[in-house]
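# Inside the fold
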Amino acid sequence: MPAIAQIPNLMKRRLFILSAPAALALSTVGCGGGGSAADLAAPTVSSVSPPNSMPLASPPAGTRGVSYPFGSRLDKYVAGIAPSESKDAMDAVLTSHYDAWKAKGVVAADSVVPGGKVLKFSGNSYLVVSEGMGYGMLLAVLFAGHDPQAQSLFDSLLAVVRARPAYGITPYDPNGKYLMDWRLHLDGKSGGEGWNAMDGDLDIALALLMADRQWGSTGAWNYLQEARNSIGALKSWNMKPDGATKGLPNSNNNRTSDYMVGHFRAFRKATGDAFWDLAIDRAYGLLDRMQTVYSPGVGLMPDFVIDTHTSAPAPSNGYIGDGNDKEGHYWWNACRNPLRLASDFVLSGDPRFAVITGRMIDFFKTASGGNPANIGSGYTLAGAKLSEWASPSFVGPICAGACVDPRFQGFLDATWKWNVAHLETGYYDGELQLMSLAVASGNWWQP
């Protein structure tokens, strides 16, 4: 097996259309956290053929009993606040929005595997990316109990995930078969050269752990074993020994939106591997440095970080992950961070991430004058707005982030109302908004 440092950079990037209230905005978002393929001497791709199909079939429609039905709030949050709305009112909004999202975004993918389904990518350039599969699986398991077909949907998504493994990785790491090829063409064949995207696989792994709790692992799929397989692959391929995530164009760069500390806690519990505690600590250290050194008094962080192997990691200068000049800004990757960090804090109570998230929310509250309509879609680390229009991809996660401290109650209520008035079913906007409102409403949980 070649050493990791032998594989050349594969600049993986994807172009997608984000839905917005008034217009469609074209933005480049890449798989900059997509894995250590960038460090490896690439195999001759023509000699590594992706499978056109695999012997996986979706189980029959219908579900067994659910152990955590949507709206039950069985796990009470240990920290944080909620919007000043009744639980019933919030749940009515969310279930209605989930139904609309599912009807709009979930499509058949029989060309990949009989009975398979995907969360359709924006436009007509590709069928799906692994990030979307992770979002879809998380939402399916969250809304089980409301959606009687949630398990069938979950299994149909999982069938596609496993039918399209990251075949470019397997010559160097056999665990690659437990990671997903990050992009599929419209005909269902590989469009990602066999490499994975870390964010998609992180969400897929967490969703599998949640599925084990929701439905058990004695049916058509052993969710727990599938989760442990994916977690092991993520550790061996996408993580450094010091707990840092790997990115592009080498493993010493990474993407802040891959610092999914709540996922890392779940992985620790599922595997007993203390490595994931190290990953949490490493994520905190990098985020704190980005805020205090490069965004003092503002508290933002960049999409991408470089030189994580040194004592002075810094924001990207651009063109390493997504291939654009905005990688050192709070842009279309980092916009997810308030959601990722708040969803951990409400369940863990880890004060470090209340501080990290609170710095961001303090800035957005002040900069917008408390009016979410004034929140831009992108900022420099100095706090300069890069776009005037408010997007659910930004305001949704900010709503979740505002749950970390009582000082944000008024702003939390305002962002909740803004999102409810601007519900989106389009790709990226729709998923980030729906997950963020689930967190804010008290409906987030973990294994």
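Quick look at the structure, then.

Analysis parameters
- Residues numbered from 1 in each chain as written.
- Predicted model: local features only at pLDDT ≥ 70, side-chain atom pairs only at ≥ 80, totals over all residues.
- Heavy atoms only, no water.
- Helix = DSSP H or I, 4+ residues; strand = E, 2+ residues; numbered from the N terminus.
- Contact = heavy atoms within 4.5 Å.
- Areas by Shrake-Rupley, 256 points an atom, 1.4 Å probe, with all protein chains shown as cover.
- Expected span 1.5 Å × (residues − 1).
- Buried < 20%, exposed > 50% of the residue type's maximum accessible area, 1.4 Å probe, protein only.
- Disulfide = S-S within 2.5 Å.
- Axes fitted to C-alpha atoms, helices over the stretch in contact; angles between N-to-C directions.
- Parallel < 35°, antiparallel > 145°, perpendicular 65-115°, else oblique.
- Left-handed = near helix turned anticlockwise from the far one by under 90°.
- Nonpolar A, V, L, I, M, F, W, Y, C, P; charged D, E, K, R; others polar.
- Polar contact = N/O pair within 3.5 Å; in protein donor to acceptor, adjacent residues only side chain to side chain.
- Salt bridge = Lys/Arg side-chain N within 4 Å of Asp/Glu carboxyl O.

## Some words on the overall build of the protein
Check the secondary structure of the protein and you find 12 helices and nine strands. Restricting to contacts in the protein with at least 6 residues of sequence separation, those with at least 24 account for 72%. As displayed, the protein has an accessible area near 14300 Å², and 55% of this comes from carbon and sulfur atoms.

## Concerning helix 11 (residues 409-421)
In this model helix 11 runs 18 Å from its N-terminal to its C-terminal C-alpha over 13 residues, within 8% of the 18 Å that 1.5 Å per residue would give. Listed as buried for helix 11 are F411, L412, D413, T415, W416, W418 and N419. Along its buried surface, helix 11 packs onto helix 1 (87-105), helix 9 (351-367), helix 10 (392-401) and helix 12 (429-440).

## Concerning the state of the cysteines
Across all of its chains, the model carries zero disulfides by this definition. Looking at C399, it has no disulfide partner, and the nearest cysteine sulfur is the one in C403, 5.9 Å off. Taking the relative accessible area as the measure of exposure, C399 reaches 0% and is therefore buried.

## A short note on the packing of helix 8 (residues 337-348) against helix 10
As a packed pair, helix 8 and helix 10 sit with axes 7 Å apart at the nearest point and diverge in direction by 25 degrees. Classified by the angle between their axes, helix 8 and helix 10 sit roughly parallel to one another. Remark: the crossing between helix 8 and helix 10 carries left-handed chirality. Residues P338, L339 and A342 of helix 8 form the contact with helix 10, whose participating residues are P397, I398, A400 and G401. Residue composition of the contact of helix 8 with helix 10, grouped by class: six nonpolar, one polar and no charged.

## Here's the deal with the side chain of Q291
Tracing the sequence through the fold places Q291 in helix 7 (residues 275-294). For Q291, a relative accessible area of 1% corresponds to the buried category. For Q291, the side chain forms a polar contact with the side chain of R359, separated by 2.8 Å. Contact partners of Q291, with chain neighbours within four places excluded, come to P296, G299, L300, M301, I356, R359 and M360.

## A few points about the pattern of salt bridges
All chains considered together, the criterion is met by 21 salt bridges. Between R255 and D199 there is a salt bridge whose closest N-O contact spans 3.4 Å. With R255 in strand 7 (residues 254-255) and D199 in helix 4 (residues 198-215), the pair connects residues that are 56 residues apart, well separated along the chain. Taken as a pair, R255 and D199 share a single burial class, namely buried. Among the salt bridges present, the one from D258 reaches R255, with a minimum N-O distance of 3.3 Å.

## Here's the deal with the environment of R162
Counting through the fold element by element, R162 comes out in helix 3 (residues 150-163). A relative accessible area of 7% places R162 in the buried class. Considering only alpha carbons, one finds R162 and Y178, 16 residues apart in sequence, at a separation of 7.1 Å. Within the local environment of R162, its side chain forms a polar contact with the side chain of E226, the two groups lying 2.7 Å apart.

Just distances and angles here, no functional claims.
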